[in-house]
Amino acid sequence: MPLSDLTQPLTFAPIFMERIWGGRQLQTHYGKALPPHGRVGEAWEIVDRPEAQSVVRLGPCAGQSLHDLWINRRAEIFGAVPNAPRFPLLIKLLDAQDKLSLQVHPPADVATRLGGEPKTEFWYVAEAARGAELFAGLRESISAHDFKRSIENGTVADLVHSIPVRAGDSMFLPAGRFHAIGAGSLLVEVQQNSNTTYRVFDWNRTDDAGQPRALHVDLALQSIDFDDCKSELLTPSGEILVSHELFEVQKWTLEATRPINERGQFAIVCVLTGGLDCAGLQLRPGEFCLVPAQLTDRSIRPLQPQTSILRITIPL
């Protein structure tokens, strides 16, 4: 079917991932139709990976995968974007009801050597319980040798820098940063299209079968930036939360109809509060859409007072 028949943004079916640290807040808070049982920690909202594919839910492209669109209709849907074998971003909702493992994602040069994928990411805290925190970077610089000794003697959690958070806070995490999410937060995550994580410490917990999750200490020691200390929350620059060569994330509070961007550029919209309409498609909090580069009606219209969104793009 010709792409010109598209008259609305694209929406995709989320892919739910059970996690030992997850919960049910994606259902109770956002109305997601979770599987009936289990702790769901992640909803992969926009993804193009061999093991997980976003599939269009409605309209002329219904049933097509994000990868199909990336390969066959890139110019019309994504516009001028960096060439890559797959759509270069992975966007998730996270429900962290318990602490995630202390972990690291490898930088590009290390990932190539280790056979993994680099991963730089961004977190937006959509909801936070009292006492919620993020762990990001080290408290002080340390040698790899001393860091390894702290793992062996069970004190590595004492080395990570913790930051109290509340709804509306955000954090940028370059590859190589030692980090974790604390308990009690709902987050939007925007990341490189990668699924490489090296776990260092998992708080001595076990799964339902009584088994600990695998750790990747040797790989992590080759990936961590041991001089990356005392990371801070992002300070917005106007509407811009983060602008990086991989992605740009802006937060908008909508008081009137507004174009999402110029024709010829795509954008991903995540509704945080309120509700909006774009070309007849209505979205509520926790829902996402992709506005194609060549969609004619590019205006987003608030349906409620204090409607706020994240606008996610790839800088040209």
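Predicted, not measured: the structure shown is a model, and the values here were computed from it. (Residues numbered from 1 in each chain as written. Predicted model: local features only at pLDDT ≥ 70, side-chain atom pairs only at ≥ 80, totals over all residues. Heavy atoms only, no water.)

### With respect to the sheet that holds strand 12 (residues 185–192)
Move 1: The six strands are arranged 1-2-5-12-7-10 in an open sheet whose pairing can be described as antiparallel. Each edge of the sheet is formed by a strand with only one pairing partner; in this case those strands are strand 1 (15–23) and strand 10 (170–173). Ignoring which end each strand starts from, the neighbouring axes of this sheet average 20° apart.
Move 2: Bridge count for strand 5 (residues 89–96) against strand 12 is eight bridges, and the pairing is antiparallel. Across the sheet, alanine 96 pairs through a bridge with serine 185, a residue of strand 12. (Pairing = 2+ DSSP bridges. Helix = DSSP H or I, 4+ residues; strand = E, 2+ residues; numbered from the N terminus. Axes fitted to C-alpha atoms, helices over the stretch in contact; angles between N-to-C directions.)

### Quick word on the nonpolar core
Where a protein is soluble and globular, its nonpolar side chains tend to be buried together.
Move 1: By size, the foremost hydrophobic cluster in this structure holds 42 residues, and its most contacted members are Leu10, Phe78, Phe87, Val249, Ile268 and Leu290.
Move 2: If we skip the residues at most four places from it in the chain, leucine 290 touches Pro9, Leu10, Phe12, Leu66, Ile77, Phe78, Phe266, Ala267 and Ile268.
Move 3: Counting 17 residues, the second-largest nonpolar core is a separate cluster that includes Val104, Phe135, Phe201 and Phe226. (Core = buried A, V, L, I, M, F, W, Y, C linked by side-chain atoms within 4.5 Å. Buried < 20%, exposed > 50% of the residue type's maximum accessible area, 1.4 Å probe, protein only. Contact = heavy atoms within 4.5 Å.)

### Considerations on the sheet that holds strand 21 (residues 299–302)
Move 1: Spatial strand order, 16-21-18-19: four strands in an open sheet with antiparallel pairing. Looking at strand neighbours, the two that pair on one side only are strand 16 (258–259) and strand 19 (281–283), the edges of this open sheet.
Move 2: Taken together, the two bridges between strand 18 (residues 276–278) and strand 21 define a ladder with antiparallel strand orientation. Within strand 21, the position partnered with aspartate 277 by the bridge is arginine 301.

### Regarding the packing of aromatic side chains
Move 1: Evaluation of the coordinates by the stated rule reveals 10 aromatic pairs.
Move 2: Taken together, a centroid distance of 5.8 Å and an interplanar angle of 75° make the contact between phenylalanine 78 and phenylalanine 266 edge-to-face. Here the residue phenylalanine 78 occupies a position in helix 3 (residues 74–78), and phenylalanine 266 occupies one in the loop between strand 16 and strand 17 (267–273), the gap between them amounting to 188 residues.
Move 3: Overall, the relative accessible area of 1% leaves phenylalanine 78 in the buried class.
Move 4: Ring centres 6.4 Å apart and planes at 65° place the aromatic pair phenylalanine 172 and phenylalanine 247 in the edge-to-face group. Of this pair, phenylalanine 172 sits in strand 10 while phenylalanine 247 is found in the loop between strand 14 (240–243) and strand 15 (248–254), placing the two residues 75 residues apart along the sequence.
Move 5: Judged by its relative accessible area of 0%, phenylalanine 247 falls in the buried class. (Phe/Tyr/Trp six-rings, centres within 6.5 Å; stacked < 30°, edge-to-face > 60°.)

### Thoughts on the pairing of strand 20 (residues 288–291)
Move 1: Where burial is concerned, the two faces of strand 20 agree: the one with Phe288 and Leu290 and the one with Cys289 and Val291 are both buried.
Move 2: Across four bridges, the pairing between strand 17 and strand 20 is antiparallel. Note that in strand 20 the partner of alanine 267 across the bridge is valine 291.

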